Amino acid sequence: MRIVFMGTPEFSVPTLAAICDAGHDVIAVYSQPPRAAGRGQSERKSPVHKFADAAGITVHTPVSFKAASDVETFQDLEADAAVVVAYGLIVPRSILDAPKLGCYNMHASALPRWRGAAPIQRAIMSGDTHTAAIAMRMEAGLDTGPICLSEQIAIGENMTAGELHDVLATTGASVMVEALKKLEAGELQETPQDEEGVTYAAKIEKAEARLDFDRPARDVHNHVRGLSPFPGAWFEVARNDKSERIKVLRSICVDNETPVTASYPPGTVTDGPCLTIQCNPGTVQFTELQRAGKRPCPAHDVLCGFPMPAGEQLS
């Protein structure tokens, strides 16, 4: 089929690659415009843009679809279908209605749970044990369209958002290719989403990254892994009248029951060598850290030069 692909980050690339490998004619790729990045603030193309360039596919980078000329350019492609994966721009009705067979989105959650921008992070932060890679037909609403195909994915108790991201990217590519195969054959079935159980995965705000030790240990652990590797949950340590921010990239929930005491209020290090922290209730152990300006490394290596002894209060 004649396919238009719309995506931007690394998460989108496996699906684009799989569609090309399946023999479809990707007639154009849409991606967000190059952005200034790095110390030199030079413009960088998105991962999808780079892949398309290497594959010899024409790339369009509109800032939006408000201009009539951008809509006309899309309509003139006369696509059979469009595939959208983490594009990052609102796709208006004029675009959704242009392909002959519709627009299809690969979404990284068990819809209707976690519609919106950050489904991977929100699922882990909320302690979900399962999610899904879903191919859905797009409607004007936010992730409201009918589900065409899905594959459930287990979320391990210590799995990070980065690890789940990679699993979903690969699984989602296979799901979308199978959906296109059924679409071409006229065999693609649609199931409306449940009206109950709708939740929204709001964009991660910077303020959320700061750890709150006055929460249960399981919540703190889920917060750490849900924000790993980016933006990274963090706490502060006071040193020489200054505070240093330290990111936590991996943790273990040691227990859910150890109560707060006068000697060990929330945020107190209860075991220095293992970097075990009192929560409310329970304790959590930090196993991978990153100091400002340094690379991530095992907590033990950080503690060799930056000890946090039992009794120290983290903020």
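The preceding data block contains the structure.
Thresholds applied
- Residues numbered from 1 in each chain as written.
- Predicted model: local features only at pLDDT ≥ 70, side-chain atom pairs only at ≥ 80, totals over all residues.
- Heavy atoms only, no water.
- Helix = DSSP H or I, 4+ residues; strand = E, 2+ residues; numbered from the N terminus.
- Buried < 20%, exposed > 50% of the residue type's maximum accessible area, 1.4 Å probe, protein only.
- Contact = heavy atoms within 4.5 Å.
- Areas by Shrake-Rupley, 256 points an atom, 1.4 Å probe, with all protein chains shown as cover.
- Salt bridge = Lys/Arg side-chain N within 4 Å of Asp/Glu carboxyl O.
- Core = buried A, V, L, I, M, F, W, Y, C linked by side-chain atoms within 4.5 Å.
- Axes fitted to C-alpha atoms, helices over the stretch in contact; angles between N-to-C directions.
- Left-handed = near helix turned anticlockwise from the far one by under 90°.
- Nonpolar A, V, L, I, M, F, W, Y, C, P; charged D, E, K, R; others polar.
- Pairing = 2+ DSSP bridges.
- Phe/Tyr/Trp six-rings, centres within 6.5 Å; stacked < 30°, edge-to-face > 60°.
- Disulfide = S-S within 2.5 Å.
- Parallel < 35°, antiparallel > 145°, perpendicular 65-115°, else oblique.
- Arc of directions from axis to C-beta.

Draft legend 1. Spotlight on the overall build of the protein. Broken down by element type, the protein carries 8 helices and 17 strands. Counting only C-alpha atoms and orienting by the principal axes, one finds that the protein spans roughly 70 × 50 × 30 Å. Looking at the 315 residues of the protein, the share that counts as buried comes to 46%. Expressed as a percentage of contacts within the protein between residues at least 6 apart in sequence, the contacts between residues at least 24 apart total 66%. Of the accessible surface of the protein, which amounts to about 15,300 Å², a share of 50% is contributed by carbon and sulfur atoms.

Draft legend 2. The pattern of salt bridges, seen in detail. Counted according to the given criterion, the structure contains 12 salt bridges. For E208, the salt bridge goes to R122, with nearest N and O atoms at 2.8 Å. Separated by 86 residues along the polypeptide, E208 in the loop between β11 (200-201) and α7 (217-226) and R122 in helix α5 (residues 119-125) bring together distant segments of the chain. Linking R250 and E288 is a salt bridge whose minimum nitrogen-to-oxygen distance equals 3.3 Å.

Draft legend 3. A look at the nonpolar core. Residues F5 and V29 are the most contacted members of the largest nonpolar core, which totals 40 residues. Considering each element in turn, this core owes the most residues, 9 residues, to helix α6 (residues 161-185). Among all residues touching F5, those that are not within four sequence positions of it are S12, T15, L16, I19, V26, A28, V29, Y30, V48, V83 and V85. Ranked by size, the runner-up nonpolar core spans 30 residues in total, among them A118, M125, F213 and A299.

Draft legend 4. Here's a closer look at the packing of helix α1 (residues 13-21) against α6. Two numbers describe how α1 lies on α6: the axes approach to 8 Å, and their chain directions differ by 35°. Every pair of crossing elements has a handedness; the one defined by α1 and α6 is right-handed. In this structure, α1 contributes P14, T15, A18 and I19 to the contact, and α6 contributes A169, G172, A173, M176, V177 and L180. Tallied by class, the residues present in the contact of α1 with α6 amount to 8 nonpolar, 2 polar and no charged.

Draft legend 5. The arrangement of the sheet that holds strand β9 (residues 130-137) in detail. Taken in spatial order, the 7 strands line up as β5-β2-β1-β6-β7-β9-β10 in an open sheet, and their pairing is mixed. Of all the strands in the sheet, the pair left with one neighbour each is β5 (59-60) and β10 (147-154). Across 3 bridges, the pairing between strand β6 (residues 81-85) and strand β7 (residues 103-107) is parallel. Note that in β7 the partner of V83 across the bridge is Y104.

Draft legend 6. Quick look at the packing of aromatic side chains. The final tally for this structure, using the stated rule, is 6 aromatic pairs. Summarising the aromatic geometry, the rings of F213 and F286 are spaced 6.2 Å apart at their centres and angled 40° between planes, so their arrangement reads as tilted. Of the two residues, F213 sits in the loop between β11 and α7 while F286 sits in strand β16 (residues 283-291), which places them 73 residues apart along the sequence. Pairing F235 with F286 gives two aromatic rings, centres 5.7 Å apart and planes at 20°, and the pair type is stacked. Of this pair, F235 sits in strand β12 (residues 233-239) while F286 sits in strand β16, and the two are 51 residues apart along the sequence. With respect to class, F235 is no different from F286; both count as buried.

Draft legend 7. Up close: the state of the cysteines. A complete count under the given rule lists 0 disulfides for this structure. Considering cysteine sulfurs only, C304 is the nearest to C274, which forms no disulfide, with 13 Å between them. For C274, a relative accessible area of 34% gives the class partly exposed. C304 carries a free sulfur, and the closest cysteine sulfur to it, the one in C297, is 9.4 Å from it.

Draft legend 8. Seen up close, the packing of α1 against helix α2 (residues 47-55). The interhelical angle for the contact between α1 and α2, taken along N-to-C directions, is 25°, at an axis separation of 9 Å. The orientation of α1 relative to α2 falls into the category roughly parallel. Remark: the crossing between α1 and α2 carries right-handed chirality. For the pair α1 and α2, the contacting residues are V13, L16, A17 and C20 in the first and P47, V48 and F51 in the second.

Draft legend 9. Here's a closer look at α1. Inspection of α1 places V13, T15, L16, A17 and I19 among the buried residues, and these make up the whole buried set. Directly beyond the C-terminal end of α1, a positive phi value near 95° is found at G23.

Draft legend 10. Representation of α2 in the model. Among all positions of α2, only V48, H49 and A52 are buried. Buried residues of α2, viewed axially, fall in a sector of 100°; they line one side. Where α2 is buried, its residues touch β1 (2-7), α1, β2 (25-30) and β5. Following α2 by one or two positions, G56 adopts a phi angle in the positive range, close to 75°.

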